[in-house]
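# Per-entry structural report
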Amino acid sequence: MSQPRSSSVTLPLEFTLRDIYPLITSLRPNWSPSNLRLYQLIGGINNTAFGIYSESDRSDTLVIKIYGFKTEEFIDRYREKTTLSTLVNHGLAQPVLLQFTNGIIYRFIPGSVCTESYIRDIHIAPLIARHLAKLHSIPLENQYHEPCLMPLIKKFVKLIITNHKHYPEDFVSLCLDIDCIEKDILPSMFPNPRYGIDLVLCHNDLACTNILYNTSSQTISFIDFEYSAINYALFDIANHFVEYVGVDQMNFDRCPTRNEQYHWLKIYFQARKLSFDDPEKTYRQIEQFSALAHLCYGLWAFAQVAFATVEHEYLSYGQRRLNRYKEMRSILFNR
């Protein structure tokens, strides 16, 4: 993959065509400023993305992604860059065309942002399962990476402590749980995790807004690989299943049923050419990783508060996720 162009420009969030044109002209020298159209894309929580195209050829739309405030506190941009390179080489991401100080530009990926109803649709869910299987099947060059789950959780804890703005309820107890999960529970769940089987390159943030569905080609694309890293494959699946409950109006009754999980997992394991001969054990591990997903992203929300303009939304979201973790805690600790 060729290296993207680079610019020292910093784009303001409320940028204009005049601000962006010097960057765009290096990529599309034939575009005329009088024919450019700019629109905001829906989806992202921390980042902001815009589409820009020339009226002469809308099929050649570019995406301008501006990183959110202080997102570098949460995201390893170097790892994101190397992961994107790997994904591009396997046809699972668009190459970055240009990097600027606070964002990137890449080609638009056709498709609609999924909703909670989309991801569980009987036609779309199998497409997601196969696409995730393809991601999880990427060969690992270095088979000695630590799974990112516990370092990520501990990073969020450190950010909460460092910024000491808002603490979750029972924060000390949560920290004690985290130590036990790292030293005892995860090693007992996977005493000898196999690289390329149990530990794979994961997306780690398969929210609805990071999944695109192309109705014309009947294909799925994933976007926003900021948290992608080596992790437990079943965590990636569990974290995706958690997204069935929604964000603004969480309804845990919408969690996938055993029947829905069975059909999804059967397709996934077939696509990875792995046996699915112990569904009950897999369901159990997915429940355990679902609890960990609630813990992880509940803490993520509290860590975000120090940098957020609307604090109460993160506090409310984070506490609901952590409350759900507490409800599911016995699944982890009473093994």
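Nothing here was measured: the structure is a model prediction, and the numbers come from that model.

Moving on to the environment of methionine 189. Residue placement: methionine 189 occurs in helix 6 (residues 171-189). Judged by relative accessible area, which is 9%, methionine 189 ranks as buried. Separated by 99 residues in sequence, methionine 189 and glutamine 288 place their C-alpha atoms 9.0 Å apart. Sequence-distant contacts of methionine 189, that is, excluding residues within four places in its chain, are made with Gln285, Gln288, Phe289 and Leu332.

For aspartate 170, which is not glycine, the phi dihedral falls at a positive 55°. Taking the relative accessible area as the measure of exposure, aspartate 170 reaches 48% and is therefore partly exposed. One non-glycine residue, asparagine 204, lies in positive phi territory at about 75°. Summarising the element assignment, asparagine 204 is placed in the loop between strand 8 (199-202) and strand 9 (211-214). Taking relative accessible area as the criterion, asparagine 204 reaches 1% and is therefore assigned buried.

Attention now moves to helix 1 (residues 17-27). Taken as a whole, helix 1 has its buried residues at Ile20, Leu23, Ile24 and Leu27. Buried positions in helix 1, seen along its axis, are confined to an arc of 100° and lie on one side of it. Exposed residues on helix 1 whose side chains face more than 90 degrees from its buried face are Arg18 and Pro22.

Once that is clear, we can look at the packing of aromatic side chains. The full count for this structure, using the stated rule, is 19 aromatic pairs. Centroid distance tyrosine 227 to tyrosine 297: 6.5 Å. Interplanar angle 90°. Geometry classified as edge-to-face. With tyrosine 227 in the loop between strand 10 (219-222) and strand 11 (229-232) and tyrosine 297 in helix 9 (residues 279-304), the pair connects residues that are 70 residues apart, well separated along the chain. Accessibility expressed as a relative area gives 7% for tyrosine 227, which makes it buried. On the basis of relative accessibility, which here comes to 6%, the residue tyrosine 297 falls in the buried class. Through pairs of rings, three or more aromatic residues link up here, namely Phe241, Tyr244, Tyr262, Trp264, Tyr268, Phe269 and Phe276. Of note, arginine 77 hangs over the ring of tyrosine 67, and the distance from its end group to the ring centre comes to 3.5 Å.

Domain parsing of the chain yields domain 1 (5-107) and domain 2 (112-333). Domain 1 and domain 2 are separated by 27 Å when their C-alpha centres are compared. Each side of the interface is counted separately: domain 1 has 22 residues, and domain 2 has 24 residues. Taken over both partners, the interface formed by domain 1 and domain 2 buries close to 2,100 Å², and the fraction arising from carbon and sulfur atoms is 63%.

Taking strand neighbours across the sheet as the criterion, the six strands line up as 1-5-6-4-3-2 in an open arrangement whose pairing is mixed. Edge strands, defined here as strands with exactly one partner in the open sheet, are strand 1 (5-6) and strand 2 (36-41). By the bridge criterion, six bridges tie strand 2 to strand 3 (residues 48-54) in an arrangement that is antiparallel. In the sheet register, arginine 37 faces strand 3, and the bridge partner there is tyrosine 53. Along the sheet, helix 1 contacts strand 1, strand 2, strand 3, strand 4 (57-66), strand 5 (96-100) and strand 6 (103-107); its crossing angle with strand 5, the most-contacted strand, is approximately 135°.

The rules we used
Residues numbered from 1 in each chain as written. Predicted model: local features only at pLDDT ≥ 70, side-chain atom pairs only at ≥ 80, totals over all residues. Heavy atoms only, no water. Helix = DSSP H or I, 4+ residues; strand = E, 2+ residues; numbered from the N terminus. Buried < 20%, exposed > 50% of the residue type's maximum accessible area, 1.4 Å probe, protein only. Contact = heavy atoms within 4.5 Å. Arc of directions from axis to C-beta. Phe/Tyr/Trp six-rings, centres within 6.5 Å; stacked < 30°, edge-to-face > 60°. Lys NZ or Arg CZ within 6 Å of the ring centre and 35° of its normal. Domains from an automatic or database assignment. Buried area = accessible area lost by both parts, 1.4 Å probe. Pairing = 2+ DSSP bridges. Axes fitted to C-alpha atoms, helices over the stretch in contact; angles between N-to-C directions.

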